[in-house]
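Here's the letter readout for the chains.
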Amino acid sequence: MTTLNISPMEKLTNKEEEIMQALWKLEKAFAKEVQAELNNTVHYNTVSTIIRNLEEKGYIKHYAFGKTHQYYPVITKEAYRSRFVSKAMKEYFNDSYKNMVSFFAKEEKITAEELREILEVIEQKK
């Protein structure tokens, strides 16, 4: 799996992200296997349509086996996360990690212990 550097990559919808999560976990899969990974909570035709959309957007490709296709991600989960965390940082936190961490602290989404762990990671990098 490669980390593509596609510039105008669209943000995924919630359902598209859900299917990408399944594909990242499975690494390659047929639509039926993706549907099973989602515990059959999404109708097969919907899964199939979303997969085709993801392929059009450049997030996945397929191997053809006759009329059947096996799909695989062409962008890693880490590359996707990095791209959209960076975008959120710019749009919502003035490109400041301090602002972002402060936001989570104020919202009580991060504990003092977790902040200490983050500081340890930062100190170990020095």
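Preceding block: the structure.
What is the right way to look at the overall build of the chain in this model?
Scanning the chain from terminus to terminus reveals six helices and three strands. Beginning at the N terminus, the succession of helices and strands in the chain can be written as α-β-α-α-β-β-α-α-α. For a compact globule of 126 residues, the expected C-alpha radius of gyration is about 14 Å, and the chain comes in at 18 Å, more than 25% above that figure. Along the three orthogonal principal directions, the C-alpha set of the chain runs to about 55 × 30 × 30 Å. In the chain, of all internal contacts separated by at least 6 residues, the share reaching a separation of at least 24 is 53%. On the chain, roughly 9,000 Å² of surface is accessible, and the fraction owed to carbon and sulfur atoms is 51%. Positive and negative charge centroids in the chain, built from 20 and 19 side chains respectively, lie 4 Å apart.

Got a minute to help me understand the environment of Leu-38 in this structure?
Looking at the element boundaries, Leu-38 is found in the loop between helix H2 (31-37) and helix H3 (44-57). Expressed as a C-alpha distance, the spacing of Leu-38 and Lys-87, which sit 49 residues apart in the sequence, is 28 Å. In contact with Leu-38, other than residues within four places in its own chain, are Glu-18, Ile-19, Ala-22 and Val-47.

How do you make sense of the pairing of strand E2 (residues 60-65) when you look at a structure like this?
Looking down a regular strand, the side chains alternate between one sheet face and the other. In terms of strand pairing, E2 meets strand E3 (residues 68-73) through six bridges, oriented antiparallel. Within the sheet, the bridge partner assigned to Lys-61 lies in E3 and is Tyr-72. Counted along the chain from E2 to the antiparallel partner E3, the turn is two residues long, and its residue Gly-66 has a positive phi close to 65 degrees.

Just checking my understanding: could you explain the packing of aromatic side chains for this structure?
Scanning the entire structure with this criterion turns up seven aromatic pairs. When the ring of Tyr-63 is compared with that of Tyr-72, the centres are 4.6 Å apart and the planes differ by 25 degrees; the resulting orientation is stacked. For Tyr-63, a relative accessible area of 41% translates into the label partly exposed. Between Phe-103 and Phe-104, the aromatic rings sit 5.2 Å apart at their centres with planes inclined by 70 degrees, giving edge-to-face as the arrangement. On the accessibility criterion, Phe-103 (36% relative accessible area) is partly exposed. The exposure class assigned to Phe-104 is partly exposed, which follows from its relative accessible area of 32%. A connected cluster of aromatic rings, assembled from ring pairs, spans Trp-24, Tyr-59, Tyr-80 and Phe-84.

Reading the values: the criteria
Residues numbered from 1 in each chain as written. Predicted model: local features only at pLDDT ≥ 70, side-chain atom pairs only at ≥ 80, totals over all residues. Heavy atoms only, no water. Helix = DSSP H or I, 4+ residues; strand = E, 2+ residues; numbered from the N terminus. Rg over C-alpha atoms; globule rule 2.2 N^0.38 Å. Contact = heavy atoms within 4.5 Å. Areas by Shrake-Rupley, 256 points an atom, 1.4 Å probe, with all protein chains shown as cover. Lys, Arg positive; Asp, Glu negative; His and termini not counted. Charge placed at Lys NZ, Arg CZ, Asp CG, Glu CD. Pairing = 2+ DSSP bridges. Phe/Tyr/Trp six-rings, centres within 6.5 Å; stacked < 30°, edge-to-face > 60°. Buried < 20%, exposed > 50% of the residue type's maximum accessible area, 1.4 Å probe, protein only.

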